[in-house]
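So the chains spell out like this:
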Amino acid sequence: MTTSARSFSCGIATIAVLGIGLSVVIAGPAQAAPSAPSWDDVKAAKSDAADAQQTVDELSERLTTLQDAADQAGVAEQQAGQAYALAASQQQEAKDTLVDLSAQSKRAKDRADDSAGQVAGLVVELSRTGGGDLSTTMLMDSSDSKDLLYRVGTMTHLSERSATVLAEARADQKTVESLAAQQSAAETALSKATEATKTAFATANDVSADAQARVQQEQDQQDEVLRQLAYLKGTSVATETAYWNEQQAKAAETALAEEAAHGGSSTGASSGSSSNSGGGAGGADTTSPSKATTPSTPAKATTPSTPAKATTPSTPAKATTPSTPAKATTPSAAAPAPATTTTPSKAAGAISYARGQLGKAYVLGGAGPNTWDCSGLVMMAYSSQGIATGGHNVVWQYDYFKSIGRLVPLSQRQPGDILFYSSNGTASGGYHDSIYTGNGMMVEAARPGVGVVERAVWTPSQLLPYVARPSGSL
C-alpha cells in the first residue's frame, strides 16, 4: 500500500507567530489495532470457509484501524505544515513592507535634501540683499540640514516666500523622520517574523520526523495483512491492494454524501473568511477520524510499498531562508469570476496536470516542478490552465474563491473542485487542500514520505462543506 499507516505520540506543539498562537494537535496515541490473526491462524482458517470469512473480516478491520492511525498522523503533519506556511507568509509580508518603506524613505530623503538645499540658497540670497539676521555663517555653523532649518526658523525677518520655502522643507524633514521610525519598526517585525518562521519550520519537521520514525512498524503490519489476505483468498497482494483501494473509494463517496447532507449548514464553512489574511492552522483539532471515513491508498498502487525512508522528512533546502511565495492580490468581494473560467475542460486539464505529478516528493513550500506541498500543487495545476487560485496558501485559496463567488456546496462536488480540510470547522482552521477527481477519489500532495498521490478522500468529517470550483458553471 502506498499510503503510510502511522501511530503518533500525544501532545500539542504551539508555535507563536507574530503574537498569534497556533496549536498543532498531534493526534494520538492511536487506538491499538485489534489483535491480528497469526499466520498459523490464517493457515488453519483457509481450510474452513466459515473460519476463512471470519479471518478475512478481522484482517479487513485491522487494515481499517491501521489506516485510521495513518490519518491521525497525517493531520498532525499537515497542520504543522500550514502553521509554517502562515509564518512564512507573514515573513514575506514583513519583508515586502520593509522594502516598500525603504523605497519611500529614499524618495523622502531626496525630497528633503532638495528642499533643504532651497533653504540654504535662500540664506545666501537674503544675506547678500540685507535679509535681516540671516547670514551665511548659518551654513557653516549648522551641523546638518535639520539644524539649518531650526536656525532659519528662529529668524524674525522672513518674507512670505521665505516662510513658505521653510515650511515645505520642515514638512519634508518630518516625513523623513516618520518613515525612518516606520522603517525601524518594520525591521524589528521582519526579525521577529524570520525567527517565527524558523521556529515553525523546525516544529513542522520535528512533527514529521516523529510521525515518520513511528510509521515503519505500522506500514509493515499493513503489508503483512495484505499478504495474509492474499494467501487466505488465493489471490495476489496486488489484487488485494486494488480491492482495498476500490472499497475505500466507495466508502469515501458514501461518507462524502453523508457529510454533505449533515454538514451543509455548518457554521464557519459558509462564513468562509479567515481571521487573518495569511491563513493558519487555526484552532486545535480535537476530533479523530471515524472508522467509516478512513482513506484509501492510491488507486494506482499494485503492490504494498513503503514510503521512501520514513525517518528522513523532506525539508526545504535552506531552513533559515525558506521559500515564501508572495501572496496574490486579494480581490474585492464584488469581483466577478474571470470570464475565461467557463469551460469544464479546464478542470480536466488541472486534474491531468496534477496526475502528472504523481510520485513526486512533498516538501514544505514546494510549488514544482519536482517537489510539492498541498496548496502549491493546487495553485500550479490551475495555473497551468490560466486560472488564478489566490496564492500559495490553503486559507488564501479558500478566501479567494469565496471573494469571487466560486464556492459551491460539497453535495454538488464535481471532478476538478478543490476540497478544503479544516481543524476547527471554519476557513481560518484550513490546513490542507486537494483536487477532487470523482468517485470518492482526489489528487493531493499528501505529506513528507508520501508525496503526490491519487487516493480515496480521507476523513470527510474534516472537510469544509463548501468546495471551490475554479472553472465551469456554478
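Residues numbered from 1 in each chain as written. Predicted model: local features only at pLDDT ≥ 70, side-chain atom pairs only at ≥ 80, totals over all residues. Heavy atoms only, no water.

## What to know about the overall build of the protein chain
(1) Moving on: In terms of helices and strands, the protein chain carries 9 helices and 10 strands.
(2) Moving on: Going through the 474 residues of the protein chain one by one, you find that 51% of them count as buried. (Helix = DSSP H or I, 4+ residues; strand = E, 2+ residues; numbered from the N terminus. Buried < 20%, exposed > 50% of the residue type's maximum accessible area, 1.4 Å probe, protein only.)

## Let's talk about helix 8 (residues 374-383)
An α-helix turns once every 3.6 residues. As a result, residues three or four positions apart point the same way.
(1) Moving on: Across the 10 residues of helix 8, 8 count as buried, placing the element largely inside the fold.
(2) Moving on: The complete set of buried residues in helix 8 reads Cys 374, Ser 375, Gly 376, Leu 377, Val 378, Met 379, Ala 381 and Tyr 382.

## Some words on the side chain of Glu 454
(1) Moving on: Within the secondary structure layout, Glu 454 lies in strand 9 (residues 452-456).
(2) Moving on: Assessed through its relative accessible area of 14%, Glu 454 is described here as buried.
(3) Moving on: Within polar-contact distance, the side chain of Glu 454 engages the side chain of Arg 355 at 2.9 Å.
(4) Moving on: Of the polar contacts made by the side chain of Glu 454, one reaches the side chain of Thr 437; its length is 2.8 Å. (Polar contact = N/O pair within 3.5 Å; in protein donor to acceptor, adjacent residues only side chain to side chain.)

## Considerations on the pairing of strand 9
(1) Moving on: Here strand 9 lies mainly inside the structure; 5 of its 5 residues are buried.
(2) Moving on: As paired elements, strand 8 (residues 441-445) and strand 9 share 5 bridges and run antiparallel to each other. What sits directly across from Met 441, in strand 9, is Ala 456.
(3) Moving on: If you look at the hairpin formed by strand 8 and strand 9, you'll find 6 residues sitting between the two strands, and Gly 449 has a positive phi there, around 90°. (Pairing = 2+ DSSP bridges.)

## Re unusual backbone geometry
(1) Moving on: The omega torsion across Gly 368 and Pro 369 is 0°, close enough to zero to call that bond cis.
(2) Moving on: Here Pro 369 lies in the loop between strand 3 (361-362) and strand 4 (371-372).
(3) Moving on: Positive phi is not limited to glycine here, since Asn 439 has a value of about 55°.
(4) Moving on: Its location among the elements puts Asn 439 in the loop between strand 7 (430-438) and strand 8.
(5) Moving on: For Thr 459, which is not a glycine, the phi torsion comes out positive at approximately 45°.
(6) Moving on: With respect to the secondary-structure elements, Thr 459 resides in the loop between strand 9 and strand 10 (466-468).
(7) Moving on: The buried category is assigned to Thr 459, whose relative accessible area is 0%.

## Re the confidence of the model for the protein chain
(1) Moving on: Mean pLDDT for the protein chain: 75, with 67% of residues reaching 70 or above.
(2) Moving on: Confidence drops under pLDDT 50 across residues 1-33; counting only partners more than four residues distant or on other chains, this segment forms 130 contacts. (pLDDT = per-residue confidence, 0-100. Contact = heavy atoms within 4.5 Å.)

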